[in-house]
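# Breakdown of the fold
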Amino acid sequence: MVPFNVLLLACLGYVVFLFTIAFVVERRAERQRIAWLSSPLIYTLSLSIYCTAWTFYGAVGYAVRSGLEFVTIYLGPTLVFVGWWLVLRKMVRIGKTQRVTSIADMISARYGKSNAIGVIVTLLAVAAVTPYIALQLQSISLSFAVFAVEPGTGAHPDLAQTAIWVTAGLAVFTILFGTRRLDAKEQHHGVVIAIAVEAVVKLVALLAVGAFVVWGVAGGPADVHARILANESPDWQVVPGRWAGLIFLSAVAILTLPRMFQVLVVENADERHLATASWAFPLYLFLISVFVMPIAVVGLDVLPAGANPDLFVLLVPLALGQDVLAMLAFLGGFSAATSMVIVAAIALATMVSNHVVVPAWLALRDAGASGDVRRLVLNARRLSIIAVLSFGYLYHQITGGSAALAAMGLIAFVGMAQALPALIGALYWRGANRVGAAAGLSVGFAVWLYTLFLPSFGPGVLLSAGLIAEGPFGIGWLRPQSLFGVTAADPLLHALFWSLALNTLAFCAGSLLTFPTPLERVQGARFANVFDIQTGTRGWSAGGAEAEDLLVMAQRILGTTEAQAFFQAAAAAQGKAGFLPDTTADFLEGLERRLSGAVGAATAHAMIAQIVGGSIVSVEDLMAVANETAQIMEYSSQLEAKSEELSRTARQLREANEMLQKLSVQKDAFLSQISHELRTPMTSIRAFSEILKEAEDLAPEEARKYAGIIQDEAIRLTRLLDDLLDLSVLEAGRVQLKIEEVSLRDLIDRAITASGSVAPHRRFTIDRDISTEAITIRTDAGRLAQVFINVLSNARKYCDAERPRMDIRVRVEGPLVIVDFIDNGSGIPKKSQALIFEKFARLTDQMQAGGAGLGLAICREIMHKLGGEIAYVPGQGGAAFRVSFLRVLPAAEVASEAGADRDAAA
Amino acid sequence: MGRRVLVIEDEPSIAEAIGFILARDGWEVQSHDRGAGALELIRAQRPDLVILDLMLPGRTGLDILRALRAEVETAALPVLMLTARNQSRDRELAESCGASRFMVKPFCNTEVLASVRELVAS
């Protein structure tokens with residue numbers, strides 16, 4: 001027998017191995033796309049989390065108790081996958097176009113982005129998945145117990161103790177796996193790859209045990225067949241009603257279970273993968289169930305009577321002295337259970353945080369208040385994971401861990417099946433509305449609780465034995481297990497029938513008797529016609545919102561980098577430079593979809609509505625929904641494309657024209673500015689030199705003072721000429737760069753020291769993260785320092801905060817190093833943001849500010865030479881300059897080529 | 001004949017130079033370094049001549065000149081305009097607004113002195 005400690009060590013080693021794979025893959029996925037990561041094979045393997053410990057251990061137990069009936073659990077999904085283009089394809093397509101994050105999100109998005117619906121589905125999911133998680137905990141602690149039998153005595157150690165350690169371990173594991181990073185997308189590449197590996201492990205383990213049983217213990221397939229016939233018991237009869245019910249139930253489960261939705265829809269990288277999965281996944285199901293019957297009958301033959309059939313997969317190899325095989329089987333079962341728990345907990349945590357925690361937080365706080373929503377989301381998810389696993393543990397404790405594994409799983413199936421009417425209505429019935437959905441979900445939820453979930457704890461635990469036997473207050477037709485006097489032999493089928501029937505009835509009645517809101521009509525058309533509508537209708541009217549406010553909000557949810565990239569891309573698509581696009585309906589729509597990928601449709605909609613001022617479904621939108629004959633659709637979408645193109649061209653022209661006008665004005669201004677800047681110091685020089693020359697009676701100290709003024713002004717003149725020369729050399733591209741290797745940290749140190757001489761009386765707090773600055777760069781250090789000094793000096797001069805502060809943030813993005821300088825002053829007004837990099841564009845007329853107004857213009861030229869740029873970043877709570885440059889400047893970039901390339905590209 | 005001059009000029013060293021030249025010639029010189037508040041100062045001090053720079057922070061010299069010419073008390077006040085931008089457009093503008101004389105920087109000290117004397121005498 002394998003010692004218990006070795007087993008524990010193997011488990012830990014296995015977990016570390018999985019985590020390493022997930023970690024490495026996630027790191028690599030960050031940097032580039034990995035082709036094999038988003039392949040149909042990985043997708044299919046990840047779907048196998050359908051096969052949990054229930055399959056691995058429970059199926060054999062099921063076979064021992066009820067014969068071939070266990071097959072129904074795999075027939076349902078097989079049917080769904082073979083007919084994938086009926087339902088699955090539509091779900092995946094809608095999931096993608098609407099950026100759905102969970103099943104609760106999909107249903108809430110369809111019914112007018114109603115968060116109430118999201119909350120109901122979330123509660124339902126948490127309640128339904130609880131027994132399912134308990135099932136996994138039970139199987140892991142049982143399998144541990146098998147190995148931990150005290151030698152000699154045969155006594156089991158404390159099962160409850162094992163379960164609590166397993167729960168805690170899984171919670172830590174899941175938090176590490178699923179909520180390690182702040183990610184705007186709900187995709188977890190690392191987790192998917194870990195599941196795929198576990199899928200292989202559990203399949204290999206079960207096939208190995210199966211092969212051993214068939215060819216090692218029994219004398220081949222014929223012998224197994226004989227043993228099956230010999231062991232046949234009356235319980236193994238096929239009951240057609242129960243078979244049909246279970247096939248239906250498992251088909252529904254694969255659509256509605258939160259973890260299946262997560263891998264099927266949310267993690268789906270490409271719709272075409274479904275085509276492969278449609279045959280490959282049923283094949284996987286076949287392989288994993290093919291040896292169930294042989295293991296069951298051989299187990300019955302070789303094991304003593306009374307052995308737990310749920311553990312035959314483990315007990316048969318152990319009883320026959322195959323320790324290595326037993327170990328493999330143990331790891332297989334461990335894989336099956338852990339992968340289910342991880343994905344289920346992640347899926348539920350996403351729902352709880354998106355539909356309960358974040359909306360509550362938004363309602364309690366003013367939307368304008370600052371704060372990073374991402375951190376809140378992450379913490380909410382971590383707490384939710386702990387809560388979900390604790391529920392599973394409690395269920396396991398209260399039910400006493402005695403139920404058969406399959407029975408616990410079926411309770412969960414029936415619970416989640418309550419989402420079916422609302423889901424199918426969402427996909428196919430445009431008349432369905434949120435009143436109906438809420439009614440159906442609530443009724444189904446309640447009936448399931450009453451007829452199946454609460455009684456599952458056993459008589460006298462949550463429902464008294466009297467109530468179960470006699471009905472509440474002795475009302476016979478309300479007995480939980482025979483509603484309306486229909487006494488079925490099977491409580492499961494009874495609950496399934498009544499909960500779904502009443503659910504569907506309430507759903508249809510509610511939808512038919514009430515009217516949908518405009519937003520529901522629009523969403524209903526989008527869902528039902530997801531394959532036909534390409535452009536879609538819009539939920540926002542243009543104007544009103546300030547792009548900068550939206551950027552500030554988006555940064556809190558998506559993180560600064562991601563949000564800025566999104567805004568920059570949107571602005572570029574409109575033909576604008578910079579970070580602030582026009583707030584067109586298209587842009588708002590895109591932004592909402594992007595946000596809903598992070599916090600769910602309902603919350604994203606509410607957050608944008610708070611800034612834009614109410615969502616507007618226009619009459620045109622409703623008309624568009626109403627008149628959607630193919631012809632009109634096509635015609636209008638062509639028109640729309642045309643007008644889109646026209647308005648884009650117009651916008652580009654307008655911008656080019658504005659730029660030209662500004663340039664021409666600036667050319668004139670430049671000449672007269674130069675004249676002014678040269679003549680001003682010259683005036684003092686001339687006046688004082690004449691005074692010194694003509695007035696003989698000057699006191700010596702007066703003479704010295706005037707000579708000093710002449711000297712200062714002469715220096716000022718020289719500096720101006722230097723700047724002008726510098727700029728003209730840079731602009732003409734004749735500059736020679738001195739490339740050297742230098743540490744970024746030293747360079748920033750140098751710049752901070754050098755800029756300290758500007759306005760030395762101001763106390764400036766500088767906030768840096770030294771660790772991020774530990775980068776060696778290869779560039780013209782002197783030129784780069786010149787830019788840093790300029791930006792820092794400007795902040796010292798112009799930052800108007802009472803306690804001035806400067807934030808310096810460094811990060812590496814691909815080949816570029818990005819340094820952000822953000823002060824806490826009032827920033828630069830929007831109308832001036834485009835001008836500051838032009839020559840002589842001093843924003844205040846304070847001559848005292850020094851400099852000739854050429855600093856930023858020179859910076860811009862230098863950064864072009866260093867293969868990057870300097871830009872103003874709006875919406876950072878102060879003046880913010882972003883300096884980006886190539887970490888390693890290739891020799892070819894030196895001199896004029898860099899400038900020429902850039903111009904050609906621009 | 002009054003001998004009080006107000007210099008409105010934002011470059012401190014230029015203001016100092018003019019102040020020195022005029023003071024040595026016996027003028028009483030006051031200076032002000034921005035456009036804002038210049039009008040109020042002229043009304044309060046009632047100088048005999050104003051030397052006014054064209055480009056000032058706060059309010060331009062042209063603005064101030066227009067305002068002076070619009071008021072009865074200062075309509076005839078001699079104003080010597082200074083500018084560092086040698087553009088004919090600036091000169092025309094200044095003259096149309098009622099500048100008594102227009103000088104381009106850098107100037108010759110004796111020329112400034114002569115202009116001041118002439119303007120006050122007339």
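Since the model is a prediction, treat every value here as computed from it, not as a measurement.

What follows deals with the overall build of chain A. Looking only at helices and strands, chain A features 35 helices and 7 strands. Every one of the 906 residues in chain A was classed for burial, and the buried ones make up 53%. Taking as baseline every contact in chain A between residues at least 6 positions apart, the subset at least 24 positions apart corresponds to 80%.

Moving on: the overall build of chain B. Of regular secondary structure, chain B possesses 5 helices and 5 strands. In chain B, the succession of α and β elements from N to C terminus is β-α-β-α-β-α-β-α-β-α. Residue pairs at least 24 apart in sequence account for 60% of intrachain contacts in chain B once pairs closer than 6 positions are excluded. Roughly 5300 Å² of accessible area belongs to chain B as shown, and the carbon and sulfur atoms make up 49% of that amount.

All names here are of chain A. Ranked by internal contacts, the top residues of the largest apolar core, which has 175 residues, are Tyr50 and Phe413. Take this core: its biggest share by element is 20 residues, from helix 16 (residues 323-364). Those residues within four positions of Tyr50 in sequence are excluded, and the remaining contacts are Thr55, Ile73, Tyr74, Pro77, Tyr132, Ser250, Ile254, Arg259, Met260, Phe281, Leu285 and Phe413. In terms of nonpolar packing, the next biggest core, distinct from the first, is built from 51 residues, Ala751, Val791, Ala801 and Leu856 among them.

Once that is clear, we can look at the sheet that holds strand 7 (residues 880-886) of chain A. Residues and elements named next belong to chain A. Reading across the sheet, the 5 strands line up as 2-4-5-7-6 and stay open at both edges, with mixed pairing between neighbours. The sheet is open, and its two edges are formed by strand 2 (765-768) and strand 6 (869-872), each paired on a single side. Between one strand and the next, the sheet's axes are offset by a mean angle of 15 degrees, whatever the strand orientation. Across 8 bridges, strand 4 (residues 805-813) lies against strand 5 (residues 816-823) in antiparallel orientation.

On to the confidence of the model for chain B. Mean pLDDT over chain B stands at 88; residues scoring 70 or higher make up 98%. Mean pLDDT across the secondary structure elements of chain B bottoms out at helix 4 (residues 88-97) of chain B, with 84, and peaks at strand 1 (residues 4-8) of chain B, with 93.

Quick look at the confidence of the model for chain A now. Within chain A, residue pLDDT values average 80, and 84% of them lie at 70 or more. Scored below 50 in pLDDT, residues 534-538 of chain A shows 14 contacts in the model against residues more than four places distant or in partner chains.

This part is about the environment of Phe413 of chain A. Residues and elements named next belong to chain A. Along the chain, the position of Phe413 falls in helix 18 (residues 405-417). With relative accessibility at 1%, the residue Phe413 sits in the buried group. Sequence-wise, Phe413 and Leu496 are 83 residues apart; in three dimensions their C-alpha atoms are separated by 9.4 Å. When residues no more than four places from it in sequence are discounted, the contact partners of Phe413 are Tyr50, Trp54, Ile73, Tyr132, Leu249, Ser250, Ala253 and Leu257.

Before going further, it helps to examine the sheet that holds strand 1 of chain B. Adjacent strands of a sheet pair through backbone hydrogen bonds, lying either parallel or antiparallel. Residue and element names in this part refer to chain B. What the 5 strands build is an open sheet, ordered 2-1-3-4-5; its pairing is parallel. Each end of this open sheet is capped by a strand with a single partner; those strands are strand 2 (28-32) and strand 5 (101-104). Pairwise comparison of adjacent strand axes, ignoring direction, gives a mean angle of 20 degrees for this sheet. Sheet topology note: the strand 1/strand 3 (residues 49-53) ladder contains 4 bridges and is parallel.

Where interface size is given, it is often the accessible area lost as the parts come together that is meant. Facing 23 residues of chain B, the contacting portion of chain A comprises 26 residues. For the pair chain B and chain A, the summed buried area comes to about 2200 Å², and 56% of that belongs to carbon and sulfur atoms. Between chain B and chain A we count 3 salt bridges in total. Summed over the shared surface of chain B and chain A, the number is 9 residue pairs in polar contact (both at pLDDT 80 or more). Only helix 1 (12-24) and helix 5 (109-121) of chain B provide two or more residues apiece to the side of chain B that touches chain A. Sort the elements by how many residues they give to the side of chain B that touches chain A and helix 1 of chain B lands first, with 7 residues. The residue makeup of the side of chain B that touches chain A, split by class, is 11 nonpolar, 6 polar and 6 charged.

With that out of the way, let us pick up helix 2 (residues 38-45) of chain B. Residue and element names in this part refer to chain B. Restricting attention to buried positions, one finds in helix 2 the residues Ala38, Leu39 and Ile42. The buried residues of helix 2 occupy an angular sector of 100 degrees when projected down its axis, which confines them to one face. Where helix 2 ends, the next residue or the one after it, Arg46, has phi of about 45 degrees, a positive value.

Quick notes on the rules
- Residues numbered from 1 in each chain as written.
- Chains lettered and ligands numbered in written order.
- Predicted model: local features only at pLDDT ≥ 70, side-chain atom pairs only at ≥ 80, totals over all residues.
- Heavy atoms only, no water.
- Helix = DSSP H or I, 4+ residues; strand = E, 2+ residues; numbered from the N terminus.
- Buried < 20%, exposed > 50% of the residue type's maximum accessible area, 1.4 Å probe, protein only.
- Contact = heavy atoms within 4.5 Å.
- Areas by Shrake-Rupley, 256 points an atom, 1.4 Å probe, with all protein chains shown as cover.
- Core = buried A, V, L, I, M, F, W, Y, C linked by side-chain atoms within 4.5 Å.
- Pairing = 2+ DSSP bridges.
- Axes fitted to C-alpha atoms, helices over the stretch in contact; angles between N-to-C directions.
- pLDDT = per-residue confidence, 0-100.
- Buried area = accessible area lost by both parts, 1.4 Å probe.
- Salt bridge = Lys/Arg side-chain N within 4 Å of Asp/Glu carboxyl O.
- Polar contact = N/O pair within 3.5 Å; in protein donor to acceptor, adjacent residues only side chain to side chain.
- Nonpolar A, V, L, I, M, F, W, Y, C, P; charged D, E, K, R; others polar.
- Arc of directions from axis to C-beta.

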